[in-house]
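Descriptive structure summary
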Amino acid sequence: MSPDKAPEDSSNADPLPSVSIVIPAFNEESVIRQCLIAAVYQSVPADEIIVVDNKSKDRTAKIVRQMQLEYPESPIILLSQHKEQGLIPTRNFGLDHARSDILGRIDADSVLEPDWVEQVQKAFKDPTVQAATGPVVYYDMPMRRFGLKADDKMRQLMLKLAKHQYHFLFGSNMAMRRSAWETIREETCRDEKDEMHEDIDLSLHLADHELKVQYWPQMVSGMSARRLEDSPRDYRYYVTRFDRTYKAHNVKKMALKAPMVVFFSVYFPAKLLRAIHTVNTAQPKTRGGQ
């Protein structure tokens with residue numbers, strides 16, 4: 001070390017923000033365990049992993065309690081939101097009870113990449129960033145890495161089409177500052193009829209307050225393509241949630257309808273691919289050509 005150069009004082013560095021992960025859950029016994037395992041095994045541990053059970057009739061809560069026993073060193077917290085049925089009140093309950101600086105929000109079928117918490121902390125090093133989101137990889141589809149690249153390109157395209165006026169969060173892979181949530185939580189739409197995309201609703205309320213949403217490509221989460229199991233009618237209703245959310249906020253940018261076109265166009269090819277992939281992965285492996 002040069003004699004005239006003092007060592008860096010690490011105490012002057014800004015401390016990294018604490019991160020909570022909030023997971024709304026309703027009848028998720030088939031996926032909640034893998035979701036929690038991925039949330040536990042992070043390169044930087046989360047400060048809280050909060051599962052909010054919403055009147056589940058299956059073993060969801062039991063599995064979470066079992067995981068609390070299996071991983072006593074991990075901050076797995078089970079909350080119950082039994083006052084109202086629905087994703088939005090359950091999401092809000094979890095975000096309201098989270099205590100960290102950054103409030104992560106994923107779905108029960110999300111499988112976080114091992115550096116997700118670390119990437120969230122990096123995304124929020126910029127003090128102007130109030131919320132962040134990233135791409136997803138569909139873990140139960142073939143060509144997963146190709147799918148991740150396609151998802152990333154789609155989200156980048158959305159930013160360009162919106163002329164960077166709107167940066168949309170994705171509910172399976174998002175985080176926001178606690179202060180940002182406290183700013184918008186009384187304004188977010190309750191959507192009692194369950195007609196809208198709740199993550200886009202959050203994004204539009206953040207935009208109303210000029211709270212910056214950052215797209216962070218390194219913040220990756222896996223998710224299931226189980227939406228493709230919906231009937232064409234149910235899938236259409238899901239996709240047209242975009243339009244109903246925009247109308248509720250009086251957003252009239254035609255370019256923002258692009259995701260609807262993409263989702264409609266990929267439904268049948270993706271459904272076929274997933275069916276083939278499911279059959280292939282379910283077939284037992286043979287030895288010696290038997």
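For the structure itself, consult the block above.
Since the model is a prediction, treat every value here as computed from it, not as a measurement.

1. What about the pattern of salt bridges?
When the charged atoms of two side chains with opposite charge come close together, those side chains can pair. Enumeration according to the criterion identifies 14 salt bridges in this entry. E28 serves as the salt-bridge partner of R226, at 3.1 Å between the closest nitrogen and oxygen. Taken together, the residues R226 in the loop between β10 (221-223) and α8 (232-239) and E28 in the loop between β1 (19-25) and α1 (32-40) connect sequence positions 198 residues apart. R226 sits in the partly exposed class, given a relative accessible area of 31%. Exposure remark for E28: the relative accessible area of 11% places this residue in the buried category. The salt bridge involving R190 is made with E84; its shortest N-O contact spans 2.9 Å. Of the two residues, R190 is situated in the loop between α6 (178-184) and α7 (198-208) and E84 in the loop between β3 (76-80) and α3 (87-97); the sequence distance between them amounts to 106 residues. Residue R190 is classed as partly exposed on the basis of its relative accessible area of 36%. Given a relative accessible area of 33%, E84 falls into the partly exposed group. Residues participating in the shared-partner salt-bridge network are R91, R105, D107 and E198.

2. Side note on the side chain of R241
Summarising the element assignment, R241 is placed in helix α9 (residues 241-248). A residue is classified by how much of its surface remains accessible, and R241, at 12% relative accessible area, is buried. The residues contacting R241, other than those within four sequence positions of it, are D191, D194, E195, M196 and H197.

3. Observations regarding a nonpolar patch on the surface
A surface patch of nonpolar side chains, about 330 Å² in accessible area, is lined by M143, F146 and L273. By the element assignment, F146 lies in helix α5 (residues 144-161).

4. A short note on the packing of aromatic side chains
Each aromatic ring pair is specified by the distance between its two centres and by the angle formed by the two planes. In this structure the tally under the stated criterion is six aromatic pairs. Their ring planes at 40 degrees and their centres at 6.5 Å tell us that Y235 and Y238 sit as a pair that is tilted. Residue Y235 and its partner Y238 are located together in helix α8, separated by three residues, close to a single helical turn. Each ring, one from F242 and one from Y246, has its centre 6.5 Å from the other, and the planes form 45 degrees; the classification is tilted. Of this pair, F242 and Y246 both sit in helix α9, four residues apart, roughly one helical turn. For the pair F242 and Y246, a shared accessibility class is recorded, and that class is buried. Counting every residue linked through ring pairs, the aromatic cluster contains Y235, Y238, Y267 and F268. A cation sits over an aromatic face here: R244 above Y237, 4.1 Å from the ring centre.

5. Digging into the nonpolar core
With 31 residues, the main nonpolar core has I21 and I23 as its most contacted residues. Listed by contribution, the elements that provide at least two residues to this core are β1, α1, β2 (48-53), α2 (60-70), α4 (116-123) and β6 (129-133). No other element matches the five residues that α1 contributes to this core. In this structure, I23 is in contact with I32, C35, L36, I49, I50, V51, V52, I106, D107 and A108, ignoring residues within four places of it in sequence.

Definitions and limits used
Residues numbered from 1 in each chain as written. Predicted model: local features only at pLDDT ≥ 70, side-chain atom pairs only at ≥ 80, totals over all residues. Heavy atoms only, no water. Salt bridge = Lys/Arg side-chain N within 4 Å of Asp/Glu carboxyl O. Helix = DSSP H or I, 4+ residues; strand = E, 2+ residues; numbered from the N terminus. Buried < 20%, exposed > 50% of the residue type's maximum accessible area, 1.4 Å probe, protein only. Contact = heavy atoms within 4.5 Å. Patch = residues over 30% accessible without salt bridge, like charges linked within 9 Å, V, L, I, M, F, W, Y side chains within 5 Å. Areas by Shrake-Rupley, 256 points an atom, 1.4 Å probe, with all protein chains shown as cover. Phe/Tyr/Trp six-rings, centres within 6.5 Å; stacked < 30°, edge-to-face > 60°. Lys NZ or Arg CZ within 6 Å of the ring centre and 35° of its normal. Core = buried A, V, L, I, M, F, W, Y, C linked by side-chain atoms within 4.5 Å.

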